[in-house]
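# Architecture and fold: a report
So you can see what is in the structure, the chains are spelled out below.
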Amino acid sequence: MKKFTLLLVVFAFFGCAEMQQVMNQLPQTQGIGMFDISNGLKEALNNGISKQVTKLTATDGFYKNEAVKILLPEELRKVDAGLRKIGLSSMADEGLKVLNRAAEDAVKEATPIFVSAVKNMSFTDARGILMGNESSATAYLNNSTSTALYGKFNPVIKNSFTKVGADKVWANIITKYNSIPLVNKVNPDLTDYVTNQALIGVFKMIAVEEKNIRTNLSSRTTPLLQRVFAMQDHK
C-alpha cells in the first residue's frame, strides 16, 4: 500500500507522460531505479560544488590558481605594459590582484543558486547528464544558472571593488596611464569583465570535478555514487 501511494504521489508531481517516458528509458535490469539516478547525480553535483566553489572563495582562490586566474582584458594589457615601462610595476601587479580578489568575494554568492538548480533537476535531466559526455553536468548547471549568477555576481563585484580597494587602485592606474603622453585613453567596464571571468572560472572548476568523478573510481565515495556511475562506465 505504501509503495502504491508513493507512485501516485510521484505521478501527480511529475505528470504521467514524463514519468512513463523516464521509466521506459531506465535500465531496470541493472537494478538502478530513477530515484537512485537522480539522487546520485544530485549528490555528485553537490559534492563538486561544495569542493570547488569553496576553493575559489578562499584568498588567492582565483589569483594563485592558474586555471582560473583572471588576467587583464586586451584593452588593459597596454595599460599594464605602459605602467611597467615607466617603473610602476608594483601598481600594475596590484591592479591584477584586486580584480581577482573581487571575484573571490563574489563567488560566495554562487552556492545557493547552484543548490537550487540541483534540487530542481528532473529525472530526465539526471539520466541525460549521467549518460552524456564528461561535461554534461557542468553544461546543465551553466544553462540553468548563468543568468541568475550574473545577476548576483555583478552587484557583488561592484561592491567588492570598493571593499577590496579595486576601485581606487584602478582609478589611480587609469589616471596614471591616461596621463602618459601620446597614449590612447582607456575607460574599461571592469565590473562586467570580472563578472564574466568569474563565471568562466566557476564552471571550469566544476568541470574539473565532474571529470574526476566520471573517470576516477576512488572519487565515488558512497555506495550510491558507485552504483549510479557504474552505469555510465558501461554505457
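Right above here is the structure, for reference.
Notes on the structure follow. (Residues numbered from 1 in each chain as written. Predicted model: local features only at pLDDT ≥ 70, side-chain atom pairs only at ≥ 80, totals over all residues. Heavy atoms only, no water.)

## Remarks on the overall build of the chain
Of regular secondary structure, the chain possesses 11 helices and 0 strands. Reading the helices (α) and strands (β) of the chain from amino to carboxyl end gives α-α-α-α-α-α-α-α-α-α-α. Counting over 235 residues, the chain shows a buried share of 45%. A fraction of 80% describes how many contacts in the chain between residues 6 or more apart in sequence connect residues 24 or more apart. Carbon together with sulfur atoms contributes 56% to the accessible area of the chain, which is approximately 12500 Å² in total. (Helix = DSSP H or I, 4+ residues; strand = E, 2+ residues; numbered from the N terminus. Buried < 20%, exposed > 50% of the residue type's maximum accessible area, 1.4 Å probe, protein only. Contact = heavy atoms within 4.5 Å. Areas by Shrake-Rupley, 256 points an atom, 1.4 Å probe, with all protein chains shown as cover.)

## A look at the layout of surface pockets
Space inside the largest pocket adds up to approximately 220 Å³. Lining the largest pocket are 17 residues, with Ala 44, Asn 47, Gly 48, Glu 209 and Ile 213 sitting closest to its centre. Taken together, the elements giving at least two residues each to the lining of the largest pocket come down to α3 (34–57), α10 (190–215) and α11 (223–233). (1 Å grid on protein atoms, 1.4 Å probe; cavity = no way out; pocket = protein on both sides within 12 Å on 5 of 7 lines; lining within 4 Å. Points joined across faces, edges and corners; volume = space filled by probe spheres on them.)

## Comments concerning the packing of α3 against α11
Running from N to C, α3 and α11 cross one another at 110 degrees; their axes reach a closest spacing of 9 Å. It follows from the interaxial angle that α3 and α11 lie roughly perpendicular. Here α3 contributes Asp 36, Ile 37, Asn 39, Gly 40, Leu 41, Glu 43, Ala 44 and Asn 47 to the contact with α11, which in turn contributes Leu 224, Leu 225, Arg 227, Val 228, Phe 229 and Met 231. Class assignment for the residues of the contact of α3 with α11 results in 8 nonpolar, 3 polar and 3 charged. (Axes fitted to C-alpha atoms, helices over the stretch in contact; angles between N-to-C directions. Parallel < 35°, antiparallel > 145°, perpendicular 65-115°, else oblique. Nonpolar A, V, L, I, M, F, W, Y, C, P; charged D, E, K, R; others polar.)

## Structural notes on the pattern of salt bridges
Here the idea is simple: oppositely charged side chains can pair when their charged atoms come close. Considering all chains together, one arrives at 10 salt bridges under this definition. Salt-bridge contacts for Lys 51 lead to Glu 209; the nearest nitrogen and oxygen are separated by 3.7 Å. Of this pair, Lys 51 sits in helix α3 while Glu 209 sits in helix α10; the two residues are 158 residues apart in sequence, bridging distant segments of the chain. You can call Lys 51 partly exposed: its relative accessible area is 42%. Note on Glu 209: relative accessible area 12%, which makes it buried. One connected set of salt bridges, linked through shared partners, spans Asp 60, Lys 64, Arg 101 and Glu 104. (Salt bridge = Lys/Arg side-chain N within 4 Å of Asp/Glu carboxyl O.)

## Observations concerning the side chain of Asn 178
Looking at where Asn 178 falls in the secondary structure, it is placed in helix α9 (residues 166–178). Sequence-distant contacts of Asn 178, defined by excluding residues within four places in its chain, comprise Val 183, Asn 184, Lys 185 and Val 186.

## Considerations on the packing of aromatic side chains
Under the counting rule described, the total for this entry stands at 2 aromatic pairs. Arranged with centres 5.2 Å apart and planes meeting at 90 degrees, the rings of Phe 35 and Phe 123 form a pair that is edge-to-face. Note that Phe 35 is positioned in helix α3 and Phe 123 in helix α7 (residues 123–130), a separation of 88 residues in sequence. On the basis of relative accessible area, Phe 123 is assigned to the buried category, the value being 8%. Seen from their ring centres, Phe 114 and Phe 203 are 5.8 Å apart, and the 80 degrees between their planes marks the pair as edge-to-face. (Phe/Tyr/Trp six-rings, centres within 6.5 Å; stacked < 30°, edge-to-face > 60°.)

## Overview of the side chain of Ser 122
Note that Ser 122 resides in the loop between α6 (110–119) and α7. Side-chain polar atoms of Ser 122 contact the backbone nitrogen of Asp 125, separated by 3.0 Å. (Polar contact = N/O pair within 3.5 Å; in protein donor to acceptor, adjacent residues only side chain to side chain.)

## What to know about α10
Look at α10: 37 Å from first C-alpha to last across 26 residues, which is about the 38 Å you get at 1.5 Å a residue. With a side-chain oxygen positioned 3.4 Å from the backbone nitrogen of Thr 191, the residue opening α10 is Asp 189. (Expected span 1.5 Å × (residues − 1).)

## Examining α7
When α7 is considered as a whole, its buried residues turn out to be Phe 123, Ala 126, Ile 129 and Leu 130. What you see down the axis of α7 is that its buried residues fit within an arc of 130 degrees, all on one side. (Arc of directions from axis to C-beta.)

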